[in-house]
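Observations on the model geometry
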Amino acid sequence: MTWTCIHSEERLADYLEGQLEPAERAQMEAHLAECAACRELAAQVRWISGRLPHLPPEVVPPGLVYRILEATSGTVGRKPAITWKTVLAGLLSPRFALGLGTVAATVFILFQALDINPRKITMDNLNPVNLYRAADQQAHLTYARGMRFVNDLRVVYEIRSRLEEASATPAPVPEQQTPKNAPAPQSEQKLKNDLLRHGSSLTAAITLAGLGGGL
Amino acid sequence: MEPDSQLVAQCLRGEAAAWEELVRRHTRRVYNLAYRFTSNRQEAEDLSQEVFLRIYRTLASYRAVHGEFTTWLTSVTRNLLIDHYRRTRRDRLTDSIDEEGSPAEHKAAPGRRPDESASASELSAQVQHALTKISPELREAVILRDLQGLDYREIQQVLSVPEGTVKSRINRGRIELARLLTQMGVTGDRA
C-alpha cells in the first residue's frame, strides 16, 4: 500500500502518541522524510498539542458562584437550618471546647478566691454580703501571707549581705584581741540583734543557728 | 476533601452547604468549558448558570455507579452547549457575514513565534479565536481532551460515541487547529 498524505493525517495522533505499529510507523516516517507539508503539519500539531493543556484557564467572573447559588438553591446569605446534628457539631468544635475550658477555669478561680466549696454550695454562699466578706477575708489573708513571705526574704538577703561584708573586713591584729568575756564587735552584735528581731521567722531562725556556729 | 458522590448524597438530604460546596468546586470547570466553546464570556456565564440549574433539578438521577460526577457534569454541560449552538446558529451566520473583510482581532504578525513575543495568555486568545473556526464536533473533542484533560473513556461517555470516533475527532480537530494557527502566523519553535 502506498502511504499518502491522507494516511499521514489520519494516523497523525497515533503516530505522535507512539501508538502506531512498527510497520506503519516506518511508512509514516518515510513519508514525512520526503513530504515537507506533512512534516510541518506534524510539527505544528505536536507543538500545539503540547501547549494546549498548559494554557491558563479563563478566570471565573466574580460573583458567578453566588448567582448560581441564588438561581438554584437560593441559599446565599441564609443561615443554615438548625438541626440536632448542627448543634452537636457546634458543641464539639474546638472553639466551643476552648471557651468552655476558660469558663470552667474562671469559675474554679472564683470559688477559690471566695472560699466556696463547690460540693457544698448553699444559698448563703450566694448572698452578696457573704460573698463580700469572704472575698475581703481572702484578700487580707493573701496580703498577710505575701507580706510575711517578703519579710522572710528580706531577712535572708540582709543576713547574706552582712556576712559578705564581714568576710570582706581584714583580719584583726593579734595584740588587739579582745578578752573572752568582752562584748562582741559592734557589727556582729547588730547582726544578732537584727536576727533576734526577726526571730519569729523559721527561715531566719535556721539561718541564725547556722550563723552562730560559723561565728 | 469529601468526594463528589458524598456531597451529592448530602444535597439529596437537603443540606444546602453540600450543594454550595459542589458549585464552588465545579464552577471553574463548567465556565471554562462553556467559554472555550462559545468564545463569549456573557454566554459562558449564562450557560454555567443554566448547567447548574439543570444539575440541581436532576441531581436525584445521578448514580455514582455509572461514573464520576465530573463526567456526568461535563456531559450535561456539553449537551447544553450543543443545544445553545443549534439555537444560535442563525445569529452566528449573520455575524460572520458582517465580520468579513474586517481585520482579524487575534491575528498575530506573520512569522512571529509565541516563544519570542506572545505570552501564554496571548496564545490562549489565539487558540480561542482558532477554536471558533472549527466545527463544533471537532471543537468539543479538542476542548475535552486537551483543555479539560479528560481521557478517551470519559470523552466517549460524554459524547456517547465510540472510542474510534473520539480519537478520529480529536485528531482532525488538532490538525484543523494547527492549520488555522499557522495561517494566523502562530507557529511553534521548530529550531
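Just so you know, these numbers come straight off a predicted model, no measurement behind them.

Right, let's talk about the packing of aromatic side chains for a bit. Residue and element names in this part refer to chain B. Within this structure, the stated rule accounts for seven aromatic pairs over all chains. Relative to Phe52, the ring of Trp19 lies with its centre 6.3 Å away and its plane at 75 degrees, an arrangement referred to as edge-to-face. With a gap of 33 residues between them, Trp19 in helix H2 (residues 16–38) and Phe52 in helix H3 (residues 41–57) connect regions that are remote in the sequence. Grouping residues by exposure puts Trp19 and Phe52 together as buried. A ring pair is formed by Phe69 and Trp72, whose centres lie 5.9 Å apart and whose planes are at 55 degrees; its orientation type is tilted. Here Phe69 and its partner Trp72 are both found in helix H4 (residues 69–87), three residues apart, which amounts to about one turn of the helix. What makes Phe69 buried here is its relative accessible area of 3%. An aromatic cluster is built from Trp19, Phe52 and Tyr56, whose rings are joined through pairwise contacts. Over the ring of Tyr152 we find Arg145; its NZ or CZ atom is 4.9 Å from the centre of that ring.

Between helix H5 (residues 64–71) of chain A and H2(B), whose axes approach to 10 Å, the crossing angle comes to 125 degrees. Our classification of the angle between H5(A) and H2(B) gives oblique. With respect to the hand of their crossing, H5(A) and H2(B) are arranged in right-handed fashion. Across the interface between the two elements, Leu64(A), Val65(A), Tyr66(A), Ile68(A) and Leu69(A) from H5(A) touch Trp19(B), Glu20(B), Val23(B), Arg24(B), Thr27(B) and Tyr31(B) from H2(B). For the contact of H5(A) with H2(B), a count of residues per class yields eight nonpolar, one polar and two charged.

For residues that are not glycine, phi is negative in most cases, and the peptide bond is trans in most cases. All names here are of chain B. Located in the positive-phi region is Ser39, a residue other than glycine, with phi close to 60 degrees. Position of Ser39 among the secondary structure elements: in the loop between H2 and H3. In this model, Ser160 sits at a positive phi of 55 degrees, which is unusual for a non-glycine residue. For Ser160, the location among the structural elements is in the loop between helix H8 (152–159) and helix H9 (163–183). Take Ser160: its relative accessible area is 63%, and that puts it in the exposed class.

Helical geometry note: an α-helix holds 3.6 residues per turn, so side chains three or four residues apart project in the same direction. All names here are of chain B. Every buried residue belonging to H8 is among Tyr152, Glu154, Ile155, Val158 and Leu159, and all of these are buried. Seen from one end, H8 has its buried residues packed into an arc of 160 degrees, which puts them on one side. On the buried face of H8, the contacting elements are H4, helix H7 (136–147) and H9. Downstream of H8 by one or two residues, Ser160 has phi in the positive range, about 55 degrees.

Here we come to the state of the cysteines. Residue and element names in this part refer to chain A. Throughout the structure, instances matching the rule amount to zero disulfides over all chains. As a non-bridged cysteine, Cys5 has Cys38 as the owner of its nearest cysteine sulfur, 3.6 Å distant. For Cys5, a relative accessible area of 34% translates into the label partly exposed.

Rules of the game
Every chain is numbered on its own, with residues counted from 1 as its sequence reads. As a convention, the first chain written is A and the first ligand written is 1, with the rest following in written order. Under the rules for a predicted model, residues below a pLDDT of 70 receive no local features and side-chain atom pairs below 80 are neither given nor counted, while totals for whole chains, interfaces and linings still include all residues. With hydrogens and water excluded, all non-hydrogen atoms of the structure serve as input to the side-chain values. Aromatic rings from Phe, Tyr and Trp, with only the six-membered ring used for Trp, were paired whenever their centres fell within 6.5 Å, and each pair was classed as stacked if the ring planes differed by under 30 degrees, edge-to-face if by over 60, and tilted otherwise. Runs of H or I in DSSP of at least four residues are treated as helices and runs of E of at least two as strands, each being numbered from the N terminus. Burial classification: accessible surface area is computed with a 1.4 Å probe over protein chains only, and a residue below 20% of its type maximum counts as buried, one above 50% as exposed, and the rest as partly exposed. Any Lys NZ or Arg CZ found within 6 Å of a ring centre and within 35 degrees of that ring's normal is scored as a charge over the ring. Lines fitted to C-alpha atoms define the axes, with helix axes restricted to the stretch in contact, and inter-axis angles between N-to-C directions lie between 0 and 180 degrees. When describing relative orientation, an angle under 35 degrees is termed roughly parallel and one over 145 degrees roughly antiparallel, while 65 to 115 degrees is termed roughly perpendicular and anything else oblique. Handedness of a helix crossing follows the sense of rotation of the near helix relative to the far helix, less than a right angle counterclockwise being left-handed and clockwise being right-handed. Contacts were defined at the residue level, with two residues in contact if any of their heavy atoms lie within 4.5 Å. Gly falls in the polar group here, along with every residue not listed as nonpolar (Ala, Val, Leu, Ile, Met, Phe, Trp, Tyr, Cys, Pro) or charged (Asp, Glu, Lys, Arg). Note that the arc is computed from the directions linking the helix axis to the C-beta atoms. Any two cysteine sulfur atoms within 2.5 Å of one another count as a disulfide.

Nothing here speaks to function; it is geometry throughout.
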